[in-house]
Structures are given as structure tokens and as C-alpha cells.
Amino acid sequence: MIAVYWQTAMAWLTQLEPHFAPLQVAIPLIAAPICVLIRQRRIAWFFTLVVTWVTFAIAVALLVQVRSSGDISYAIGGWEPPWGIEYKVDLLSALVLVIVAGIAAAVMPFARVSVEREVPNPRIYLFYTMYLLSLAGLLGITITGDAFNLFVFLEISSLSSYVLISLGRDTRALTAAFRYLILGTLGATFYVIGVGMLYMMTGTLNIADLATRLPALQNLRVVEAALAFLLVGVGLKLALFPLHTWLPNAYAFAPTVATIFIAATATKVSVYVMIRLLYTLFGGTDFFATTGVDEALVGLGMVGMIAAALIAIFQRNVKRLLAYSSVSQIGYMVLGLALGNVAGLTAAILHIVYHALMKAALFMAVGCATTQARVVQIEDLAGLGRQMPVTMASMVVGILSLIGVPLTVGFVSKWYLLQAAFVAGDWAIALVIVASGLIAAVYGWRVIEAAYFTDAPEGRAEVAEAPLSMLVPLWLLTGLCVLLALNAEWTMTLAEEAARALMNGAAAGVVP
Amino acid sequence: MSYAVFSSFNYWMVIVLMMTGFFIVIAQGNMVKKVFGLNIFQVSVFLFYISMSPIEGGTPPILDERFELYSNPLPHVLILTAIVVGVAGMALGLALVVRIKAAYGTIEEDEIERLEEEMP
Amino acid sequence: MMREKPILRVVSKNLIPPIMLFALYVQFHGDFGPGGGFQAGVIFASAFILQSLIIGVAEARRVARSALVRSLLAFGGILYIGVGFAAVAMGGNFLDYDALDPHDPVHGQHLGILLIELGVGITVATAMITIFFTFAGYEPLPSEPAPDPNREAPEREDLAQAVPPHEGRR
């Protein structure tokens, strides 16, 4: 009996297999309105849990497909590219899909308790609706091969994340969401201006098609302006250092689950978009060499790494501290992708994956502490090292990984980044990387000191360890932070292959 | 010179509108005005797209054997989507402003900043 | 209010049905002429908005109850993406209308665009109604201070008290 069901299910799956690319986006997208109809908070939670896991399974299946049989191209509505919208999965996008869907799936078991504590009960189903919409938007950005479709998904994910942030308990969540809305919309509009200019010059919106047409037009001022608009737009979205002002408050005052999800995925997807822009869209042109884009990005990345880390030292709010550390870590990724060699690009891709894992784990640990002991400021962590040993141990691992201590994933990506700096022949960059790690040690130490070397304040009730539903996902991610470092081969090969493919694609595009 | 100015009249208007909107977003402290500045900024981009689609001597893009030259319909479709996105963003922005007013009693950026500095 | 403004009442009462009818025309004629779900949805919503301007938001809300509006809002989206799933289930690509009718792809195209635009129309109409009600019918949540147009910006201390860091609004 079971065997029959199994066979039918397998037959279904083989039939669906060529459609995994659109289903990857469509399933969370259709699940969001269904969540509105459900309304019951527990059922909505369970439904979202199932949907995110299915989405994750599809992402893994896509990665396996790409590994075994090369890039996937899917024509939405049967309209062949470059006329219709194309969904395109290559190694890099498959990797980003897995990490985004994976984080979304891992956060969900954690979410039930945390969301019920932090979001007013009648709004919980809306929270999950927005969560699913945001997920669909991020997956869509990653998978689409159409420059304008990318903008639509960018706005879907941004609008829903503004709502997610505004659901936070503190009133400052409202102003944080508003500022993010203003800057995010500006960024998205800048992006559209850039796409419009490219469309005006080439008459196509398909990214691959654009890439083949741009080399012939690269001397035009319009195309240069388009690149500038696109970069500033995406730079706003990924919180590149001087454009990061929306980020700290948005992370600090959003509900914890929203913070975990947005911090781990949204900026990473924006970094992915920047890689796509520079290496696929403009890959065939020699903009990197002629316009100084690379030097500007290297400079901004380095300033961001140092300055944001320095600001992080002086934060009192734990989530804000981690938020500034995110800005600093984004600097690593931008630096890596701007160095323009394989090692640098590999480092950027690795750091996308690793930073998603460690930031998710860190914010989850803070979430556990917040749920159990109302932790907001660093002082509130006092004594929790003894009272919540499991949670705090994971926090220590996360911080070590931020610093880049060997045996954690942070070390692996930094190692690659250092190599990239040496390949580029610039000692200053290497020095900055090391210095930024040392500053990370300073702000990380503040957290550890409060948790382990300060006594719990008098009169505070005994704090219990967080429930298992929160600890399991927390340690799943923390475990991955260590495991992927001990067995770095797997992610490293993937990232390096993806980087080489991007570089080769860029090099091949030069000859039209 | 004058030909260059007038033949690209649409782009000049787009630039003027764009800078107006952008300036309002940056310079205004009032949140409602910020939202509307943002809207002006977006509308300039809509105009930019729409104004690139007509072709001299082109007809509306309805297939007919009497015509050969059609204007490009695609920018309109793209901008329809962008308008909807813009409306959604504006509605959300204004809804946030309403909630901010209820929570802080003001919608002036500098006053809110001052109030927030007092918070832990 | 109703008693005081007979002209408004009579005119709008006669206008609302044609507006709705026109919305349906724009919706279903969208296959052949200018029109479609976006425009039709906005026109349809404008009928509701006109009505609530005349009879008051509270009255209008009794017709368009928020649970109903919200469900329809969700339903439109489900219909849209559902067509995509249906196309996959019938052996085509995602959102490939050709596959919707196994005998004649042209019929499939008709059906597909009709359903899609219907989904768009429903969602746009209900979204517009929701946006209007949200702003026109805004009532502060119970614990929020009522917005008072005459009130000056609060002193620092009193806001710090009004908004304890952990409790926030609500």
C-alpha cells in the first residue's frame, strides 16, 4: 500500500522536476495569501513551516540538478528568452537559493515561541504572510534572468520586510521601518533608472542577452551612467558602508525572527545581485579596468570593514552591535567581489554562505536570551553564561567565527580573502582584513565578558534555558558553522567553481 | 544647441522632476513630505520609461496590415507594474507615518530623533 | 449627513451602479480592447470609495467587511498563481496559457488571460478598498494616545514615560 503511494509520489516528482525553477518561487508566493485565509496563528505557523521546508527541498534539488546537468533555463509562460521572462539557475544562484531557503526553513521551528512573545496575537498570521512573501521575493531575485523582473521581486521582498520590521515591539521599529522604506525605495528606483537606460540602448531586458550586447556599446556615456545608477541602487540595498544608515535600527528593533531572516538573507541576496551586475551583466565589458569601479568598491569595502566595526564597539544594544558587525562583514564581501580575481570572488561567495549561517546563529542566540530573560542591552546578558549555558556556548562559537578564529567558517572565507589580497599584490588590504578581525574581537569580547564574567544582577529570578524548539535550530546552524569549517572542501569547491564560471563567462563575453 | 535641448525635452523634464523629488526626500524633515517627494521621484522614472517608447511615425501597437511601424508597448507594461509597486510603497509609507504620529506625537524627523536619543 | 445632502446622495446613488458596470466592462473587455484587471479594479474600488465618502466609512464597512475584503484580497493572488500551477499540472510551462485547453491553444490563451486578469482585478479592487479604509477609518488602538490635532509635541519626559522601552505601543 505504502509502496504504491510512494511510487505515485515519485512519478509526480519526476514529472514536476523540470518545473522546479518556477515552483521555487511560486510555492511561497501562493502560500502567502493562503496564510491570510488561514488566520489561526498555530495553523499558519505550521503551514509556513511545511512550505519553507518544501521550498528548501526544491532548492537542494535544483543545486543537485545544476551540479549533474549544468545550468537550468526555464521560459515562464512558454515565451522563449530573450522575449519572455527567463528563470535561470547556475551554480552561484543555486547556492544562494539553498542558503536563503535553508535559513528560512531553519528559522521556522524557532519562530513559534519567539513570534508569539513578540508580535501581537491577532497579527501573527500577517507576520507569516509577510515572511513568506519576503522569502518568495528573495528567491525570485536570485532565480530570475530578467533585469526588470528582478526589480519586481526586489520590491516584493523589500515591501514585506518593511512590514516585518514595523511589527517590532519597540516604537523605534516604526521609524526604522520608515527610514528603510525611504532608502530602500530610493535604491530600487535607482536600479530601475539604470535598467531603463540599458533597455533604451539595447532593447532587451534579459540579463544574458544584455551581456552580449553591452560590449559593443561600452563607450557610451549612457551605459556608464546606467552602471552608476545600478551600483548605487544595489549599494543602498546591501548597506554598503556610507549607505548603511537604515540597517542598524531596522535590525535592532524588528521582531527577532524577522531580524534573523533579514540579516541572514536580504543583504546576501543584494550582494549576489551586485556580483551578477558586475560579472554577468557587465562581464563582457572592461568597465572594471577603465572606470575605477573596482577601486571605489575596494575602498568602500575597506572603510566599511573598519568603521562599522569600530562603531559596533560602542553599542549598548546587543542586536545593534550585531547589526553594525553585519555592515562590517558586508565590507568583506564587497571587497572580495571587487578585487576581481578568482580567489576574491570565491571569498565573497563563501562569505555570503558563511555569514548567513553565523549571523543567523548569533541573532538566534540573542533571540533565545530575549525570550527567556528580556535581554536588550549588553548588561542584560550578565550571568547568563551560567544560567543558559547551551545558548551562550553557541553565541561564543558565532563570535569566534565573526572574528575569524581557525576551526570556524569565518576563518575559511577570510583566508581566501587574504589570498586574494596577496594575488592582487596589495599588502594594505591584507592589513585591513586582519585589523578588522581584531576589532571584531574587541566587540565580541564585550558580549562574552558580560555573559561569562559578570554576575547576574541581584534579585533577578532564575533564568531557565530556552525551549528545545529554539535550541535545536540554533545548534543546527552553529554546528554548521563549525562543521563546514572542519570539512571546508565541499563549500569551497562549489564556491570556487561558481567563481570560475563567472570569471570565464565574463572573459568569454568580451568576444561578441 | 537649441535643437539638442528641445529634441530631448522629455529627458529634461524627467531630470527636473527627478531632482525635485530627490531633493524633497533629502531636505524635508516632514515624513509625509518625504513620502510624496519619493513619489515624485518615482513618477519621473515612469515618465522616463514611457517617453522612450514612441517612435516617430509609429502607430499604437495594434497589428494591422496597413501599418508597419509600431511604437514599443513594452515600457507601458513595465511601468504599469512599477506604478502598482509605487502605490503599494506609498500606502505602506503613509500607514507607517500614521502609526508614528500616534506613537511619538510628531512626524518631524528632527523631533523624533531627539525623542529617540532619550530612549535607552 | 445623509439627510443634509440630498443632491450628493441622489447623484452618487445613481452613479455607483454604472461605475461598477463600467468596471466589469473594462475587466472583461480587456482581452480585445484597452483595459484589464488593474484599471477595472481601481474603477470598481472607486465606486466603494465614493459610497463611503457619502454615507460614512462605518456604514460602508458594514457592506465591505474587513474579513471579506481581506479574504478576497488573498483569493485574487491565489487565483493568479493557481493558473500558473494549473498550467504546470496540464503539462505546460508555468503560466503557459496554451496548455490550459488541451484541444485549442487559442482557447487556452483566452481562458488564461481571463482568469489572470480576474485575479488581478479582485486583488487590486480589494487592495484599494483596504487602503482607503485604513486611512479614512483609522482609529487608534486602545492603548494608543488619541491623535489630537491641537496637541503640541510632547515634552521629552512625558514621551519617555508614555513609551517604556519594552512595552512599546499597543
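Residues numbered from 1 in each chain as written. Chains lettered and ligands numbered in written order. Predicted model: local features only at pLDDT ≥ 70, side-chain atom pairs only at ≥ 80, totals over all residues.

Student: Describe the overall build of chain A, naming the residues involved and giving the relevant values.
Tutor: Secondary structure assignment for chain A yields 21 helices and 2 strands. The C-alpha atoms of chain A give a radius of gyration of 22 Å, which matches the 24 Å a tight globule of 512 residues would have. If one aligns the C-alpha atoms of chain A with their principal axes, the spans along those axes are about 70 × 65 × 45 Å. When contacts within chain A are restricted to residue pairs at least 6 apart in sequence, those whose partners lie at least 24 apart make up 80%. (Helix = DSSP H or I, 4+ residues; strand = E, 2+ residues; numbered from the N terminus. Rg over C-alpha atoms; globule rule 2.2 N^0.38 Å. Contact = placed C-beta atoms within 7 Å.)

Student: For the overall build of chain B, give the residues involved together with the corresponding values.
Tutor: Looking only at helices and strands, chain B features 5 helices and 0 strands. A compact globule built from 120 residues would reach a C-alpha radius of gyration of about 14 Å, whereas chain B, at 20 Å, exceeds it by more than 25%. In terms of overall dimensions, chain B has C-alpha extents of about 70 × 35 × 15 Å along its principal axes. Looking at chain B residue by residue over its 120 residues, the buried ones come to 29%. Once local pairs closer than 6 in sequence are excluded, the contacts in chain B between residues at least 24 apart make up 44%. (Buried ≥ 20, exposed ≤ 12 C-beta atoms within 10 Å, placed from the backbone.)

Student: So what about the environment of Leu-150 of chain A? Which residues, and what values?
Tutor: All names here are of chain A. Mapped onto the elements of the fold, Leu-150 is located in helix 6 (residues 147-166). What makes Leu-150 buried here is the crowd of 22 C-beta atoms within 10 Å. Sequence spacing of Leu-150 and Glu-497 is 347 residues, and the spatial spacing of their C-alpha atoms is 24 Å. If we ignore the near neighbours within four places in the chain, the residues touching Leu-150 are Ile-141 and Thr-144.

Student: Tell me about unusual backbone geometry, and name the residues and values.
Tutor: Each neighbour pair has its own omega, and for Pro-81 of chain A with Pro-82 of chain A the value is 5°, a cis peptide bond. At Leu-95 of chain C, a residue that is not glycine, the phi angle is positive and equals roughly 65°. Mapped onto the secondary structure, Leu-95 of chain C falls in the loop between helix 4 (66-89) and helix 5 (105-136).

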